[in-house]
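Letter by letter, the chains look like this.
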Amino acid sequence: MEDSPSIETVYEAIYALYNQNTNPTEKQQASNWLNEMQKSVYAWKIADELLARKVDLNSCYLAAQTMRSKLQNSFHELPQDSHASLRDALLNHLSKLDDTTDGVIATQLCVALAHLALQMGSWKNAAVDIASRYNSLKTCFILELLTVLPEEVNSRTLRLGANRRSEIYTEFSDNLPAVNQLLELCLTSEANDERIKIRSYKCFASWLNIRSVSLSQVWHSNVLSNAFNVLCSFDGSNMVQEAAADAVIAFLQNLEDNNNQDEIQIEILNSVSRLEQAYMMSVTNEDLDRTVNYCRIFTELAESLVMTMINKSLGSNGLPHFSIKALDSVILCANHHDYEVLLITFNLWFRLSEELYKINNVVLTEMFKPYFEQLIGALYKHCMIDTDHEGLLDEGTEDFADFRMKCSDLIKDVVFIVSSSAVFQQMYMLLQTASVSNVTWDQMEAALFIMQAIARNILPHENEVVPKVVEAILNMPETVHINMRYTSVMLLGELCEWISHEQHSETLEPILNYLQYCLRQPNLAAVTAKSLHSICTTCRHHMVKHLSGLIEILKVVDMLNLPNDVAIGLLKGVAVIVAEVPEEHVYKAIKEICGRQLSPLLALVESTSEKTVPETNTSTDPIYWLDRLSAILRHLATKTNNEKDPCVVAIVEMWPSMSKICTRYKTDSRITEHFCRCLRFMIRLVSRSTTALLAPVAQQMAYLYKEHHHSCYLYIGSILVDEYGSKYDNPLVMTQCHSLLLEMIDAFIEPAFRLFSEKDGLRNYPDTVDDFFRLACRFIQKLPMPFLQSPVLEVIIRCSITAVSLDHKEANASVMKFLLDLLLCGKSRKDSINNEECRQYVTSIVNSIGEQLVDNLIQASVFSLQTYMLPDVIDVLIELMAYDKVQTLRWLNGAVEKLPKQNSAGLVTATNEQCLQFLNSFHSYENDGELCRSLREFSRYFR
């Protein structure tokens, strides 16, 4: 936008955008024009004028949103001498808002002011300044502004830098008493205004969440004591109570950073314990919202004290630290009748059990054991299905079914504390009493459910309880409840390792007969197939003699109406057994199970036109059959490295059919992706034994990629290089393989780089970047010299230097891996006869591109990449130094020198001392992690 538009033109565009009678074309044109206006430098003045005029809701909303967006993304457009006048203008706009103002407009203006305060270094003690305006601004807007101020400190888009953030945190710590004083004033002077109460508690929580305050600074705050009083009271709305709970929780989260103040911790523990009476009252009144709030507080306290109760109990001569009492309140909640309350506590139990597992101290484990015993007892009760429930629990739609699976996961994690065998025995005893007492089916089913969660932990030689449980399951009466039958089938599947033990092999046949019976029942078919998969995989040697029966089951598997993922599990199990059968039966078995997937695929190829849209998750969708075939191919295995191996022969014979499928669905990226996944397993299965697939697959992938830019074709290319690049001892075969592979990448280069050369091409096609550089990595790893001598290498390297700033996780990782492997391939390798020649090539490349590469790596680290990506950058820099440390350090100095010394707000990014400290870390370091920390800290100065 070259010239500033008139305010009337802006109003016309706003009217066109929001008027319901405007036609869609004009709406889109208005939207595009307003977007361009917001990006222009004129937007500052236009937004200010729109806010001043207050013509209507839509114009005010657009103005507030524009002001927030400009302060967030374009603060550099403002000269520093205009910052103060902008602050005054925004405060003036905020002062004119009243109770009738739309809340979104107020929030946008508050966020805009917060962004200004954080970036405007000359606005010292902004929070105190805002708090002092209590009489000139409405209380609700002051509280809103003070709430968002600390929340926006870590906004990535502001790029404040570590130095400015440190300055802000120090300032906030100093300003907290003034903010606390304002909040106390609001709570006393406007005590009957629930909206002010809620905002005050939210503001208090926001300031505590920045974690830059000490316990002693806050513990005696009247705001906190007021929140506790609200929580102890049975009056007031649930919204006020929830806000008070949030404030207390924000305070408790600071305990973990201040865990050496026993005196305050005792006071806090006592204060929270006093809430137990209020909790019990909420239970009596069936006020679930309040119950949940109390449970959140109890759980947060215990979680904040986890390391305190563990570490201080360790050094207390076997006596538990007083903080362990925090678990008493949590156990109280665990016994609440609503499972949603118990669910809140799960993360605590996961974390506590993980810490106990890592420490592995018997005395400590015994100390916490009673709590976990009570937890498992509570889980058992909560897992009981309502006796009035008809049919099976639906795992896909019912929340309670999802909760039970979470219980199962938790039990698996914590059961080591109380002993798997003890819990299994306890559940078995409950089953035994069923015949002599009034134990209902739901109680028995819950016991079986707990058993299945820990069944894999039972020792294979256990011979007292498990045989009796298995026998009871196999002899269940016909009339047993369907959920009992369902869970018993799950349990048999989880006992697969116990069944596979030689001592219990005689149980296999009756169990298989039972599962075959269950498989014919529609409600049980899916879970039975899963259990059969587990048993087939674990008992593969014992299952060989049952293969013919399983293949017969496969013939009718589609009549069972199984979900496809369940049918796939069954096919996996059968494929694992096929890999174990005698060689003379392998060919027929593979043709049988693969043919049952290929035949319907080929029928679809012949019967459907390219315009036909398949229905997903049905047998009319090629993916339905391709995923089944993938599962089989992935779990088959060859017995020899011979091209006449029956498995190899059967698989190679499939290629013409596979080629036809690939060509037919070349325009459908979704089907092509699943096809390539299937082809990957096919190639890996036979590559050790024959090169028969290399030429036809490589040529078809290269041809199709020129026509349709599916990145999965590149991925198949990388699989071919991985499998055929260096496996064969015969030099002639190896030369032929290399020639085919190099021809393939030559064909890939032109269409791939046509995509990359588009505007934002690397960013718009991250999957292609990922798969292309994965392919390039494979070439360096498997045939380094031929690839180093290839004319395509130079253009690939130049592209990689540009792509290091790509912030896509997988794509960036592949680019960095390519650069790292390129540098590594010139190092001494026992398997390389051309090592010196490789090193000369790589040294020449380093000298040519090193300076530009280091520049881009530092720029990317500072401005583009997520912090978890930085270790890859360090790996590349370290390898560069291995070639020429002096030159690389010189390049690093130059790269750091080019970085801006001030950010867009005129604030210092990294000082000269900080830059020097970062550079010095490369001169002497003990390990890679030290350099990673140094780069991570340095990058924060610019973020």
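Residues numbered from 1 in each chain as written. Predicted model: local features only at pLDDT ≥ 70, side-chain atom pairs only at ≥ 80, totals over all residues. Heavy atoms only, no water.

(A) Broad picture of the pattern of salt bridges. Counted under the stated rule, the structure contains 34 salt bridges. Two residues, lysine 138 and aspartate 99, come together in a salt bridge whose shortest N-O distance is 3.5 Å. Of this pair, lysine 138 sits in the loop between α7 (126-131) and α8 (139-151) while aspartate 99 sits in the loop between α5 (83-95) and α6 (103-119); the two residues are 39 residues apart in sequence, bridging distant segments of the chain. Close ionic contact of glutamate 723 with arginine 684 constitutes a salt bridge, the shortest N to O distance being 2.3 Å. A residue pair is termed long-range when its members are at least 10 positions apart, and glutamate 723 in helix α39 (residues 711-724) and arginine 684 in helix α37 (residues 669-686) qualify at 39 residues. Arginine 684 gets classed as partly exposed once you look at its relative accessible area, which sits at 30%. Residues joined by salt bridges that share partners form a network here, namely Arg684, Asp722, Glu723, Arg778 and Lys782. (Salt bridge = Lys/Arg side-chain N within 4 Å of Asp/Glu carboxyl O. Helix = DSSP H or I, 4+ residues; strand = E, 2+ residues; numbered from the N terminus. Buried < 20%, exposed > 50% of the residue type's maximum accessible area, 1.4 Å probe, protein only.)

(B) Just a nonpolar patch on the surface, in detail. A contiguous nonpolar patch, built from Tyr18, Tyr61 and Val104 and spanning about 240 Å² of accessible area, is present on the exposed surface. You can see tyrosine 61 is positioned in helix α4 (residues 57-73). Judged by relative accessible area, which is 31%, tyrosine 61 ranks as partly exposed. (Patch = residues over 30% accessible without salt bridge, like charges linked within 9 Å, V, L, I, M, F, W, Y side chains within 5 Å. Areas by Shrake-Rupley, 256 points an atom, 1.4 Å probe, with all protein chains shown as cover.)

(C) Quick look at unusual backbone geometry. Despite not being glycine, serine 419 shows a phi value in the positive range, around 85°. For serine 419, a relative accessible area of 27% gives the class partly exposed. In the Ramachandran plot, asparagine 617 falls in the positive-phi region, its phi being about 60° despite a non-glycine side chain. Positionally, asparagine 617 belongs in the loop between α33 (583-607) and α34 (622-635).

(D) A look at the packing of helix α18 (residues 326-334) against helix α20 (residues 346-359). One way to put it is that α18 packs onto α20 with a least axis distance of 11 Å and a crossing angle of 135°. In terms of orientation, α18 and α20 fall into the oblique class. In terms of crossing hand, the pair formed by α18 and α20 is left-handed. Residue-level contacts link Leu327, Val330 and Ile331 of α18 to Leu348, Trp349 and Leu352 of α20. Split into classes, the residues belonging to the contact of α18 with α20 amount to six nonpolar, no polar and no charged. (Axes fitted to C-alpha atoms, helices over the stretch in contact; angles between N-to-C directions. Parallel < 35°, antiparallel > 145°, perpendicular 65-115°, else oblique. Left-handed = near helix turned anticlockwise from the far one by under 90°. Contact = heavy atoms within 4.5 Å. Nonpolar A, V, L, I, M, F, W, Y, C, P; charged D, E, K, R; others polar.)

(E) Local environment of the packing of α18 against helix α21 (residues 362-382). Interaxial distance between α18 and α21 falls to 10 Å at its minimum, and their mutual angle equals 15°. Comparing their axes, α21 and α18 come out roughly parallel. Pair α18 / α21 crosses with left-handed handedness. Across the interface between the two elements, Leu327, Asp328, Ile331 and Ala334 from α18 touch Phe368, Tyr371, Gln374, Leu375, Ala378 and His382 from α21. The class makeup of the residues in the contact of α18 with α21 is seven nonpolar, two polar and one charged.

(F) Representation of the side chain of serine 630 within the structure. Looking at the element boundaries, serine 630 is found in helix α34. On the basis of relative accessibility, which here comes to 1%, the residue serine 630 falls in the buried class. Non-local contacts of serine 630, meaning those with residues more than four positions away in its chain, are made with His674, Arg677, Cys678 and Phe681.

(G) The environment of alanine 637, seen in detail. Locating alanine 637 in the fold gives a position in the loop between α34 and α35 (646-652). The class for alanine 637 is partly exposed, based on a relative accessible area of 36%. Separated by eleven residues in sequence, alanine 637 and valine 648 have C-alpha atoms that sit 9.2 Å apart. When residues no more than four places from it in sequence are discounted, the contact partners of alanine 637 are Ala579, Cys647 and Leu685.

(H) Just α20, in detail. In this model α20 runs 20 Å from its N-terminal to its C-terminal C-alpha over 14 residues, within 8% of the 20 Å that 1.5 Å per residue would give. For α20, the set of buried residues is Phe346, Leu348, Trp349, Arg351, Leu352, Ser353, Glu355 and Leu356. For α20, the secondary structure elements touched by its buried residues are α16 (288-304), α17 (306-314), α18, α19 (339-344), α21 and α22 (399-418). Just beyond α20, the residue with positive phi is asparagine 360, at close to 55°. (Expected span 1.5 Å × (residues − 1).)

(I) Expanded view of the UniProt feature "domain: Importin N-terminal" (unreviewed entry) in the chain. With numbering matched to this structure, UniProt assigns "domain: Importin N-terminal" (unreviewed entry) to residues 30-95. Regarding residues 30-95, the helix share stands at 77% and the strand share at 0%, and the terminal C-alpha atoms are separated by 31 Å. (UniProt positions renumbered as here; feature names shortened; annotations may be inferred.)

(J) Spatial organisation of the nonpolar core. Membership of the largest hydrophobic core comes to 356 residues, with the highest contact counts inside it found for Phe368, Ile796 and Phe818. Ranked by the residues each element gives to this core, the list is headed by helix α40 (residues 731-756), at 13 residues. Ignoring sequence-local partners within four residues, the contact set of isoleucine 796 consists of Ile745, Ile749, Phe753, Phe772, Phe773, Ala776, Phe787 and Phe818. (Core = buried A, V, L, I, M, F, W, Y, C linked by side-chain atoms within 4.5 Å.)

(K) Geometry of the environment of leucine 176. Structurally, leucine 176 is set in helix α9 (residues 162-189). Take leucine 176: its relative accessible area is 6%, and that puts it in the buried class. For the pair leucine 176 and glutamine 217, spaced 41 residues apart in sequence, the C-alpha to C-alpha distance is 8.7 Å.

(L) Representation of the packing of aromatic side chains. For the structure on display, the rule yields 23 aromatic pairs. Considering the side-chain rings of tyrosine 357 and phenylalanine 416, the 5.4 Å spacing of their centres and the 80° angle between planes classify their relative orientation as edge-to-face. Here tyrosine 357, found in helix α20, pairs with phenylalanine 416, found in helix α22; they are 59 residues apart in sequence, far enough to count as distant. Each ring, one from phenylalanine 400 and one from phenylalanine 403, has its centre 6.1 Å from the other, and the planes form 25°; the classification is stacked. Separated by three residues within a single helix, phenylalanine 400 and phenylalanine 403 lie in helix α22, roughly one turn from each other. Each member of the pair, phenylalanine 400 together with phenylalanine 403, is buried. These aromatic residues form a ring-pair network of at least three members: Phe863, Phe918, Phe922, Phe938, Tyr941 and Phe942. Over the ring of tryptophan 123 we find arginine 87, and its NZ or CZ is 5.3 Å from the ring centre. (Phe/Tyr/Trp six-rings, centres within 6.5 Å; stacked < 30°, edge-to-face > 60°. Lys NZ or Arg CZ within 6 Å of the ring centre and 35° of its normal.)

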